[in-house]
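Next come the chains, spelled out residue by residue.
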Amino acid sequence: MKYIVCATRGGAGSRAVQERAIRYALEREIKLVFLFVIDVSTLDDADEKLRSAVLAEMTWLGQALLKIAHQRAQDAGIDSEIVIREGQVRDEICRFLDERSAEMLLLGAPRGTTATIFGDDIVEQFAAFVKEATGIPVEIVRPQQASNA
């Protein structure tokens, strides 16, 4: 089975990218997966108690964000799945896309980023890396696109 994967992290781009992913899933009659990756690499120097507490909080945040996305999909008549992974964000996204034979990845861009001709925006660089590593098309959805969609 093929999937559309919508990586979500919260923030202004999340609603826009979720709406686009739901629309694509409806149009293509394809399974939709909302993915949240917890990257705890920034906590490598933290003591174990702090690391455990932050991981628990990040997991709770991921679950809350994904439940909202899942409800939006359900309201639109789409059955979706929610998945939380832990690890380096780009590695986990690439691994997940390969595991699920994803047809497409959608990423939400942070507010204030704009499409550039040269692809020097950090989210564009990330998308280019994922596409190069997996061969799977990546679409970036910007917060201002939510009202234009």
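Please refer to the structure higher up on the page.
First, a word on what this report is: a plain description of the structure on this page.

Conventions adopted
- All residue numbers here refer to positions counted from 1 along the written sequence of the relevant chain.
- Only residues with pLDDT of at least 70 are given local features in this predicted model, and only at 80 or more are side-chain atom pairs given and counted; all residues enter the totals for whole chains, interfaces and linings.
- The basis for every side-chain value is the complete set of non-hydrogen atoms in the structure, without hydrogens or water.
- To get an axis, a line is fitted to the C-alpha atoms, and for a helix only the part in contact is used. The angle between two axes follows their N-to-C directions and goes from 0 to 180 degrees.
- Runs of H or I in DSSP of at least four residues are treated as helices and runs of E of at least two as strands, each being numbered from the N terminus.
- Take the far helix as your reference; a near helix turned counterclockwise from it by less than a right angle gives a left-handed crossing, and one turned clockwise gives a right-handed crossing.
- Note on contacts: a residue pair qualifies if any of its non-hydrogen atoms lie within 4.5 Å across the two residues.
- Amino acids are sorted into nonpolar (Ala, Val, Leu, Ile, Met, Phe, Trp, Tyr, Cys and Pro), charged (Asp, Glu, Lys and Arg) and polar (every other residue, Gly among them).
- To define a nonpolar core, start from buried Ala, Val, Leu, Ile, Met, Phe, Trp, Tyr and Cys residues and group those joined through side-chain atoms within 4.5 Å.
- The buried label applies to any residue whose accessible area, calculated with a 1.4 Å probe on protein chains only, is under 20% of its type's maximum; exposed applies above 50%, and partly exposed to all values in between.
- To estimate how far a helix should extend, the number of its residues minus one is multiplied by 1.5 Å.
- Regarding the arc, it is the one traced by the directions from the helix axis to the C-beta atoms.

With that settled, consider the packing of helix α1 (residues 12-28) against helix α2 (residues 48-75). Interaxial distance between α1 and α2 falls to 10 Å at its minimum, and their mutual angle equals 40 degrees. The interaxial crossing formed by α1 with α2 has right-handed handedness. Residues Arg 15, Gln 18 and Ile 22 of α1 form the contact with α2, whose participating residues are Leu 65, Ala 69, Arg 72 and Ala 73. Residues that form the contact of α1 with α2 fall into these classes: 4 nonpolar, 1 polar and 2 charged.

Before going further, it helps to spend a moment on the nonpolar core. Among the nonpolar cores identified, the biggest contains 23 residues, and Leu 32, Phe 34 and Leu 106 are the most heavily contacted of them. Put simply, the parts of the chain that give this core at least two residues each are β1 (3-7), α1, β2 (31-38), α2 and β4 (102-108). Of all the elements, α1 adds the most residues to this core, at 6 residues. In this structure Leu 106 touches Ile 4, Val 5, Cys 6, Ala 7, Val 17, Arg 20, Ala 21, Tyr 24, Glu 139 and Val 141, once residues within four positions along its chain are discounted. Counting 20 residues, the second largest nonpolar core, distinct from the first, contains Val 33, Leu 97, Ala 102 and Val 123.

The terminal C-alpha atoms of helix α4 (residues 122-134) lie 18 Å apart, and with 13 residues this matches the ideal 18 Å at 1.5 Å per residue to within 8%. Restricting attention to buried positions, one finds in α4 the residues Val 123, Glu 124, Ala 127, Val 130 and Thr 134. Within α4, the buried residues cover an arc of 125 degrees as seen down the axis, which keeps them to one side. Set apart from the buried face of α4 by more than 90 degrees, the exposed residues are Ile 122 and Glu 132.

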